[in-house]
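As a plain string of letters, each chain reads:
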Amino acid sequence: MYTAKQIRTLEIELSSNCQASCPLCLRNFHGATYNKGYTVNSLTCTDIQKILPQEFILQLDTIIFEGNLGDAIVAPDLADTVEYLRSCNKNMQIEIHTNGSAGTADTWQRLAQYNT
């Protein structure tokens, strides 16, 4: 069994929101009608700060923002969250799995400075 001190990599589903309508996605039916069985929600930077304190983040090698149900790029606090994580651990790798078809110019510019 693992302990919290052994965790080096986290996968986080930052948002269940997505602008795409991929045909095989569980969020919709064959790329059309939204599947109401999934709540659309995003974690805020404040949520991440409560869930992941700095001392825990310091032990991590990698955080991956997955896109299994949603797309992290549509989470309103994505750039703020990356800035928080980077301020806690400058050496950690941060991966953002996205289809890249959303986000504001400001968000992309802020993310680019962290080379995530």
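### Points about the environment of serine 15
At step 1: Structurally, the position occupied by serine 15 is in the loop between strand E1 (9-12) and helix H1 (45-51).
At step 2: For serine 15, a relative accessible area of 2% gives the class buried.
At step 3: In the structure, serine 15 is positioned 25 residues away from valine 40 in sequence and 7.5 Å away in space, judged by C-alpha atoms.
At step 4: A distance of 3.0 Å separates a polar side-chain atom of serine 15 from the backbone nitrogen of asparagine 17.

### Things to note about the side chain of aspartate 71
At step 1: Within the secondary structure layout, aspartate 71 lies in the loop between strand E2 (62-65) and helix H3 (78-88).
At step 2: In terms of polar contacts, aspartate 71 uses its side chain to reach the side chain of threonine 98, at 2.7 Å.
At step 3: Reaching out from aspartate 71, the side chain makes a polar contact with the backbone nitrogen of asparagine 99 at a distance of 3.3 Å.
At step 4: Those residues within four positions of aspartate 71 in sequence are excluded, and the remaining contacts are Ser15, Asn17, Cys18, Gln19, His97, Thr98, Asn99 and Gly100.

### Focus: the sheet that holds E1
At step 1: If you trace the three strands from one edge of the open sheet to the other, you get E1-E2-E3, paired in parallel fashion. Of all the strands in the sheet, just E1 and strand E3 (93-96) have a single pairing partner and so form its edges. On average, each strand axis in the sheet is inclined to that of its neighbour by 10 degrees, with strand direction left out of account.

### Examining the environment of glycine 100
At step 1: Structurally, glycine 100 is set in the loop between E3 and helix H4 (105-112).
At step 2: Between the C-alpha atoms of glycine 100 and valine 74, which are 26 residues apart in sequence, the distance is 9.5 Å.
At step 3: Other than its neighbours up to four places away in sequence, glycine 100 contacts Asp71 and Trp108.

What counts and how
Residues numbered from 1 in each chain as written. Predicted model: local features only at pLDDT ≥ 70, side-chain atom pairs only at ≥ 80, totals over all residues. Heavy atoms only, no water. Helix = DSSP H or I, 4+ residues; strand = E, 2+ residues; numbered from the N terminus. Buried < 20%, exposed > 50% of the residue type's maximum accessible area, 1.4 Å probe, protein only. Polar contact = N/O pair within 3.5 Å; in protein donor to acceptor, adjacent residues only side chain to side chain. Contact = heavy atoms within 4.5 Å. Pairing = 2+ DSSP bridges. Axes fitted to C-alpha atoms, helices over the stretch in contact; angles between N-to-C directions.

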